[in-house]
Amino acid sequence: MTDRPASQLDRGSFYRFPRCCVVPIGLLFALALAGCNKKAQEAAPTPPLVTVAQPVKRTVTDWDEFTGRFEAIQEVQVRARVGGFVDSVEFTDGAIVHAGDLLYIIDPRPFEAVASQAQGQLDDARAKAELAKRELDRGLNLVQTSAVSVQVVDQRRQALQAAYAAETQAEGALKAAQLNVEFTHVLAPITGRVSRHLVTPGNLVQGADSGATLLTSIVSLDPIYIYFDVDEATYQRNSRLWFEGKRPSSRDTSNPVQVTLTGEIKPSHEGKMDFLDNRLDISTATLRSRAIVPNKDLSILPGQFGRVRIIGSSPYEALLIPDTAIATDQSRKIVFVVKADNTVDVRPVMLGPLDGGLRVIREGLMPEDQVIVDGLQRARVGAKVTPKKAQAPADDKAPAGARP
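Positions within a chain are numbered from 1, following the residues in the order the chain's sequence is written. Totals for whole chains, interfaces and linings use all residues, but because this is a predicted model, local features are given only for residues with pLDDT of at least 70 and pairs of side-chain atoms are given and counted only at 80 or more. The basis for the side-chain values is all heavy atoms of the structure; hydrogens and waters are excluded.

(A) Examining the overall build of the protein more closely. Numbering of helices and strands runs from the N terminus; a helix is a DSSP stretch of H or I covering at least four residues, while a strand is a stretch of E covering at least two. Summing up its helical and strand segments, the protein has 4 helices and 23 strands in all. Taking all 404 residues of the protein together, 34% fall into the buried category. Long-range contacts, defined here as pairs at least 24 residues apart, represent 76% of the contacts in the protein between residues at least 6 apart. Note that accessible areas follow from Shrake-Rupley with a 1.4 Å probe, and for residues the cover is restricted to the protein chains shown. Accessible surface, the protein: about 24800 Å² in total, of which carbon and sulfur atoms supply 55%. With a 1.4 Å probe rolled over the protein chains alone, any residue whose accessible area is under 20% of its type maximum counts as buried; one over 50% counts as exposed, and the rest are partly exposed. Residue contacts follow a heavy-atom distance rule, with two residues in contact if any of their heavy atoms lie within 4.5 Å.

Here it is, written out as structure tokens:
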């Protein structure tokens, strides 16, 4: 019989292995699968870490905010009251001047001459009045002895009255001449900041009788007005609060205001309401309002813009959260909260104003809710998270009202 090659195995040799040898192979496969599952469980990520905080509860007051423009309480255009040539300018352009400070000198010599003439006329009128009085006294004595007639006495009495009238006219002419002399020294009528000088020495200026020449202008700075327009809806809401006794009216109460200047992020000046107009502007449906603001450092100038905040409600209890915890879902505002099982839920909320860096939540939250304030990008609705308590925010008592 021919031998088979050593490389070829008998097909039946596979069947000659014991069946018990198959069991260890299956067991090894099961153990391998168990090891893979254990490694998969060990490699599963832990829930993401988020920072949570409960809403802060405190008493707040709503404020309404408007854009306003500053205007001087007093503004004067300094004009020449007498005509003549300007002798000198006695102020520095843009300086602070006080009421009564000398600004201009107009050549006073022509007016001094007129005043001297008026003084002479007054002296003459007084002398004539004195003579007329003596003649009348003499006539009254003579009429008793019939040395003069009653008619002569009447004539002398009339002459005395005419002399007195002439004396009065002379006194008025002298006062007018003296006023003109005073007007040659142009004085500051108010305290404030003066503009530049518009007329240099040597120029002829016109007086009040022939179109007074503008010399400069002065505006007062402390305090200063800020005018702003209140929309009709806000006015009606405030009026309703006043009728309900929840807010004092700015017509009869100097309600406080806060002013934020251009470039500032929080109010830097405080003032009080000073005026409400008596009608709404029909073209804009707004009510012109005014507040008065102290300006001790003279940093505010007329013409500047500012954001004005006025009281918009009575004090009330509110829940507040950091503004960064609020997200936007299409047209609604939402916040993410962590439930008791550490899963994330979403809550639609109604927002109020900012108060000391925190946002007032009018509806949608409860005091015990755990709001995600950091890690919003890692939170998914229905997914588990690892919550971490946030540090309690500072209880800043700054008034509410600033809006983004």
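(B) Just the pattern of salt bridges, in detail. Salt bridges are counted wherever a side-chain nitrogen of Lys or Arg sits within 4 Å of a carboxyl oxygen of Asp or Glu. The final tally for this structure, using the stated rule, is 15 salt bridges. Salt-bridge contacts for Arg237 lead to Asp64; the nearest nitrogen and oxygen are separated by 2.7 Å. With a gap of 173 residues between them, Arg237 in helix 4 (residues 232-243) and Asp64 in strand 3 (residues 63-72) connect regions that are remote in the sequence. Since its relative accessible area comes to 26%, Arg237 is described here as partly exposed. Taken together, the shared-partner salt bridges connect Arg126, Glu167 and Glu171 into one network.

(C) Here's a closer look at the packing of aromatic side chains. A pair of Phe, Tyr and Trp rings is counted when the ring centres sit within 6.5 Å of each other, with Trp represented by its six-membered ring. The angle between the planes then sorts it: under 30 degrees is stacked, over 60 is edge-to-face, the rest tilted. A full pass over the atoms with the stated rule returns 4 aromatic pairs. Seen from their ring centres, Phe91 and Tyr104 are 5.7 Å apart, and the 65 degrees between their planes marks the pair as edge-to-face. Of the two residues, Phe91 sits in the loop between strand 5 (84-89) and strand 6 (96-97) while Tyr104 sits in strand 7 (residues 102-106), which places them 13 residues apart along the sequence. With a relative accessible area of 0%, Tyr104 lands in the buried category. Look at Tyr225 and Tyr227: their rings are 6.0 Å apart centre to centre, the planes differ by 75 degrees, and that puts the pair in the edge-to-face class. The residues Tyr225 and Tyr227 share a single accessibility class, namely buried. Directly above the ring of Phe183 sits Arg81, whose terminal nitrogen or CZ lies 3.9 Å from the centroid. A cation over a ring is seen here: Arg290 above Tyr225, with NZ or CZ 4.0 Å from the ring centre. Placement of a positive charge over a ring is assigned whenever Lys NZ or Arg CZ falls within 6 Å of the ring centre and within 35 degrees of the normal to the ring plane.

(D) Layout of the side chain of Asn295. Relative to the assigned elements, Asn295 resides in the loop between strand 15 (286-293) and strand 16 (305-311). A relative accessible area of 0% places Asn295 in the buried class. A distance of 3.0 Å separates a polar side-chain atom of Asn295 from the backbone oxygen of Leu221. Each residue touching Asn295, except ones within four places of it in the same chain, is listed here: Leu221, Asp222, Pro223, Ile224 and Ile300. Identification of polar contacts relies on pairs of N or O atoms within 3.5 Å, with a donor-acceptor requirement for protein atoms, meaning one able to donate a hydrogen and the other able to accept it, and with residues adjacent in sequence counted only if both atoms are side-chain atoms.

(E) Quick peek at the sheet that holds strand 5. Strands sit in the order 8-7-5-10 across an open sheet of 4 strands; the sheet is antiparallel. The sheet is open, and its two edges are formed by strand 8 (185-187) and strand 10 (204-205), each paired on a single side. Strand pairing is assigned whenever DSSP identifies at least 2 bridges connecting the two strands. Relative to strand 8, strand 7 runs antiparallel, the two being bridged by 3 bridges. Residue pairing for strand 8: Tyr104 is matched across the bridge by Val186.

(F) Structural detail: the sheet that holds strand 9 (residues 192-194). The strand order across the open sheet formed by 4 strands is 4-11-9-6, and the pairing between neighbours is antiparallel. The sheet is open, and its two borders are formed by strand 4 (75-79) and strand 6, each paired with just one other strand. The sheet contact formed by strand 6 and strand 9 spans 2 bridges and is antiparallel. Of the residues in strand 9, the one forming a bridge with Ile96 is Arg193.

(G) Representation of the side chain of Asp64 within the structure. On the basis of relative accessible area, Asp64 is assigned to the buried category, the value being 8%. At 2.7 Å, the side chain of Asp64 forms a polar contact with the side chain of Arg237. Those residues in contact with Asp64 that lie beyond four places of it in its chain are Thr234, Arg237, Asn238, Val308, Arg309, Ile310, Ile311 and Gly312.

(H) Quick peek at helix 3 (residues 150-183). Given a helix with a known number of residues, its expected span is that number minus one, times 1.5 Å. Between its first and last C-alpha atoms helix 3 spans 50 Å; for 34 residues at 1.5 Å apiece the expected length is 50 Å, and the two agree. If you check which residues of helix 3 are buried, you get Val153, Leu160, Ala163, Glu167, Ala170, Leu174, Ala177 and Val181.

(I) Focus on unusual backbone geometry. In this structure, the amide linkage connecting Asp222 to the following residue, Pro223, adopts the cis form with an omega of -5 degrees. Relative to the assigned elements, Pro223 resides in the loop between strand 11 (214-219) and strand 12 (224-231). The phi torsion at Ala285 lies on the positive side, around 55 degrees, for a residue other than glycine. By the element assignment, Ala285 lies in the loop between strand 14 (269-276) and strand 15. Classification of Ala285 as partly exposed rests on a relative accessible area of 32%. Positive phi, normally seen in glycine, also occurs at Asn342, with a value near 65 degrees.

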